[in-house]
Amino acid sequence: MAALMRASREARSKLRPLSSISRRIATYHDPDPLASGKDRSFCSQSRHNCREGVVDLSQYPPERIRNFSIIAHVDHGKSTLADRLLELTGTIKRGHGQPQYLDKLQEAAMTPKSISFSLKLVLLCICTEVERERGITVKAQTATMFHRHTVGGTNSSDKQDSPSFLLNLIDTPGHVDFSYEVSRSLAACQGALLVVDAAQGVQAQTVANFHLAFESNLTIIPVINKIDQPTADPERVKSQLKSLFDLDPEDALLTSAKTGKGLDQVLPAVIERIPSPDGKRDSPLRMLLLDSYYDEYKGVICHVAVVDGALRKGDKIGSAATSQTYEVLDVGIMHPELTSTGVLFTGQVGYVVSGFKPAKHMVFSGLYPADGSDFDALNHAIERLTCNDASVSVMKETSTALGMGFRCGFLGLLHMDVFHQRLEQEYGARVISTIPTVPYIFEYADGSKIQVQNPAALASNPGKRVAACWEPSVIATIIIPSEYVGPIITLCSERRGEQLEYSFIDSQRALMKYRLPLREIIVDFYNELKSITSGYATFDYEDSEYQKSDLVKLDVLLNGQPVDAMATIVHNLKAQRVGRELVDKLKKLIDRQMFDITIQAAIGSKVVARETLSAMRKNVLAKCYGGDVTRKKKLLEKQKEGKKRMKRIGSVDIPQEAFHELFKIS
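The rules behind the values
Residues numbered from 1 in each chain as written. Predicted model: local features only at pLDDT ≥ 70, side-chain atom pairs only at ≥ 80, totals over all residues. Heavy atoms only, no water. Helix = DSSP H or I, 4+ residues; strand = E, 2+ residues; numbered from the N terminus. Buried < 20%, exposed > 50% of the residue type's maximum accessible area, 1.4 Å probe, protein only. Contact = heavy atoms within 4.5 Å. Areas by Shrake-Rupley, 256 points an atom, 1.4 Å probe, with all protein chains shown as cover. Salt bridge = Lys/Arg side-chain N within 4 Å of Asp/Glu carboxyl O. Phe/Tyr/Trp six-rings, centres within 6.5 Å; stacked < 30°, edge-to-face > 60°. Lys NZ or Arg CZ within 6 Å of the ring centre and 35° of its normal. Core = buried A, V, L, I, M, F, W, Y, C linked by side-chain atoms within 4.5 Å. Pairing = 2+ DSSP bridges. Axes fitted to C-alpha atoms, helices over the stretch in contact; angles between N-to-C directions.

**Q** Got a minute to help me understand the overall build of the chain in this structure?
**A** A tally of helices and strands in the chain yields 15 helices and 30 strands. Residues classed as buried in the chain amount to 56% of the 666 residues present. Restricting the contact set of the chain to residue pairs at least 6 apart, pairs at least 24 apart contribute 72%. A total of about 29000 Å² of accessible surface is found on the chain, and carbon and sulfur atoms cover 49% of it.

**Q** Explain the pattern of salt bridges to me, please; I cannot follow it from the model alone.
**A** Opposite charge on two side chains lets them pair, provided their charged atoms get close. Counted according to the given criterion, the structure contains 20 salt bridges. Close ionic contact of Glu 520 with Arg 496 constitutes a salt bridge, the shortest N to O distance being 3.0 Å. In this pair, Glu 520 sits in the loop between strand 24 (509–517) and helix 12 (525–532) while Arg 496 sits in the loop between helix 11 (485–494) and strand 23 (498–504), placing the two residues 24 residues apart along the sequence. When its relative accessible area of 6% is taken as the criterion, Glu 520 is described as buried. Note that Glu 520 is salt-bridged to Lys 574, the shortest N-O span being 3.0 Å. Of the two residues, Glu 520 sits in the loop between strand 24 and helix 12 while Lys 574 sits in the loop between strand 28 (568–571) and helix 13 (575–589), which places them 54 residues apart along the sequence.

**Q** How should I be thinking about the packing of aromatic side chains in this particular structure?
**A** Two descriptors summarise a pair of aromatic rings, namely the distance from one centre to the other and the angle between the planes of the rings. Applying the stated criterion to the full structure yields 9 aromatic pairs. Aromatic pair Tyr 60 and Phe 146: ring centres 5.3 Å apart, planes at 50°, arrangement tilted. Of this pair, Tyr 60 sits in the loop between helix 1 (2–12) and strand 1 (65–72) while Phe 146 is found in strand 2 (residues 141–148), placing the two residues 86 residues apart along the sequence. Judged by centre distance (4.1 Å) and plane angle (25°), the rings of Phe 210 and Phe 245 are stacked. Residue Phe 210 is found in helix 6 (residues 204–215), and its partner Phe 245 is found in helix 7 (residues 234–245); the two are separated by 35 residues along the sequence. For Phe 245, a relative accessible area of 1% corresponds to the buried category. Lying over the aromatic face of Trp 470, Lys 449 brings its terminal NZ or CZ to 5.0 Å of the ring centre.

**Q** Explanation requested: the nonpolar core in the structure shown.
**A** Within soluble globular proteins, side chains that are nonpolar generally end up buried alongside one another. Leu 194, Leu 241 and Phe 245 are the most contacted members of the largest nonpolar core, which has 35 residues in total. A total of 6 residues in this core trace back to one element, the largest contributor, which is helix 6. Once residues within four sequence positions are removed from consideration, Leu 241 is found in contact with Leu 194, Val 196, Val 202, Pro 222, Ile 224, Asp 246 and Leu 247. Formed by 32 residues, the second largest nonpolar core is a distinct cluster that contains Val 485, Ile 488, Leu 491 and Phe 539.

**Q** I keep staring at the sheet that holds strand 1 and nothing clicks. Help me out?
**A** By definition, the strands of a sheet pair up through backbone hydrogen bonds, in either a parallel or an antiparallel sense. If you trace the 6 strands from one edge of the open sheet to the other, you get 2-3-1-4-5-6, paired in mixed fashion. Two strands bound the open sheet, and with one partner strand each, they are strand 2 and strand 6 (253–254). Direction of pairing for strand 1 relative to strand 4 (residues 191–197): parallel, over a ladder of 5 bridges. Across the sheet, residue Ile 70 finds its bridge partner in strand 4, namely Leu 193. Where helix 2 (residues 78–88) meets the sheet, it contacts strand 1, strand 2, strand 3 (164–171), strand 4 and strand 5 (219–225), and its direction lies at approximately 150° from that of strand 1. Each of strand 1, strand 2, strand 3, strand 4, strand 5 and strand 6 touches helix 8 (residues 266–273); the most contacted strand, strand 5, lies at about 165° to it.

**Q** Explain unusual backbone geometry to me, please; I cannot follow it from the model alone.
**A** Apart from glycine, the bulk of residues carry a negative phi angle, and the bulk of peptide bonds sit in the trans form. Cis geometry marks the peptide bond from His 335 to Pro 336; its omega dihedral reads -15°. In this structure, Pro 336 sits in the loop between strand 12 (331–334) and strand 13 (338–340). The phi dihedral of Lys 226 is positive, around 60°, even though this residue is not glycine. Secondary-structure assignment places Lys 226 in the loop between strand 5 and helix 7. Overall, the relative accessible area of 18% leaves Lys 226 in the buried class. A positive phi is found at Asn 559, a non-glycine position, where the angle reads about 55°.

Have a look at this one:
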């Protein structure tokens, strides 16, 4: 593997991943995203600290610029290390401001008056406490620092005569669900600090982020952090870095971001080891979009990296995606807050008012008001949320069982859950969610193909035979203690996984790679993985290609009528088991009525599972004390006819809890 990496590195050394820079500037919610903030760009009430003209960026040619990122597994000290670097360069003062400074989703996002969302992040937990209290960075942030250093010189205390370097730190998310944000951040960098916990060693996200950086042809500086811990074992971690990534153990920096030990080595290593950006100052403007969010006063603000040329306030820029031109209303750097400079030169990273590329939705679900009369309130709440976030697609639809609602596309299940949470907490909207699905492709015998996001939209047409089906898949990386290998192989096999790699990191831990259908991991795979391994497993995945599969549509019928909100697409081998679990669960959750309720799971016209919920019975003979038996029979027949009539015209109320419970059925 090490030899392959070296050969691949040499082959990639002539390539750059920035061949189509500005194509990512695409469409925001407004048809004219860059113009959306024209009337508000210079509002005096802006919550940002915009100080124009503080820094002369023309003094920093590309050779005195370093763009780097910090990549790590969750809770390996990445954000704390970023804090220390900001303090060392004087960007922030020690003891001023909150810890994990870059773990800050826009504060205005916490109030309904100003909701700042950004791509995948927004919906995947836009709460600051997730980042700071749980130690999980979920939003990429940028910060510009200035540091004096003499290349090849000594670390003397007097650095006034040393040249000043402009350092752009692009912080990256460390959670499994944010590999897309990591890849976008790395595209603007020439190097990366690979931070590894000295006690925990290499984890799944460490492996995934290394490969993202390696494929982007970045210079990687290994940093072994938390060496102050009693259980720290830097030598073991060095051995892992050598065996897994072919990184020279002598190049590793030993640090403790908590105590400050070894931090004086980090910035000199960044300046001396990481190459400068190789853009052309005299060429036309090209820039790469890193991230974007919505500001109440400025409109859409984008974090960008200038690859070629210069970007000036007042310039007209064009979007490669839409072929439209816009005026640059403001431009500057993050130092550490928005600091207007009026210009960005080649190789520099900053902000500009702009839009972004629509996200790719991989999980779809229906949203309906828990009370059908609350549709207008739900409609208003969703409009308020989505006007600030293009990572959710929304389309109105009607369900026969639930009335008017919406069909929404999300980036993942956690993404969907947090969106629901924000609807309820910020707007008090109580919602019912249908079973989450992924986008499938069905090919018919006549050669036509359709993409199905809503199972109810897949008509069971006997005259149109399905010839082939495809479903999205992912490549999963799992790192576990060696004693759990057997149960994890069983789990992945049950989820229709295909083993791609199986190796040992050291004597105690194993690394496994599987190709898994996306449908099999979006609900409870991660929970089961953690449960089986007593919480010791680490998990990461990346999107892969569509793969051919034997899929069928499974309908749920109540008294012979299909409930479109409960329709799902499953693998043919699992259809009968899933159908049985569905009807059993519904029988327990649906309230009894005055008539029998037949619950069925069917594939087309074939019923694969059935349960009957018996009717509640009123004792119509309670007042008959003796008398002719024909009188009693007449009352019972009248009750029987009444139940038949109620079954024809009555409706079955499906409680909200039923939909939540059905999520757990794979």
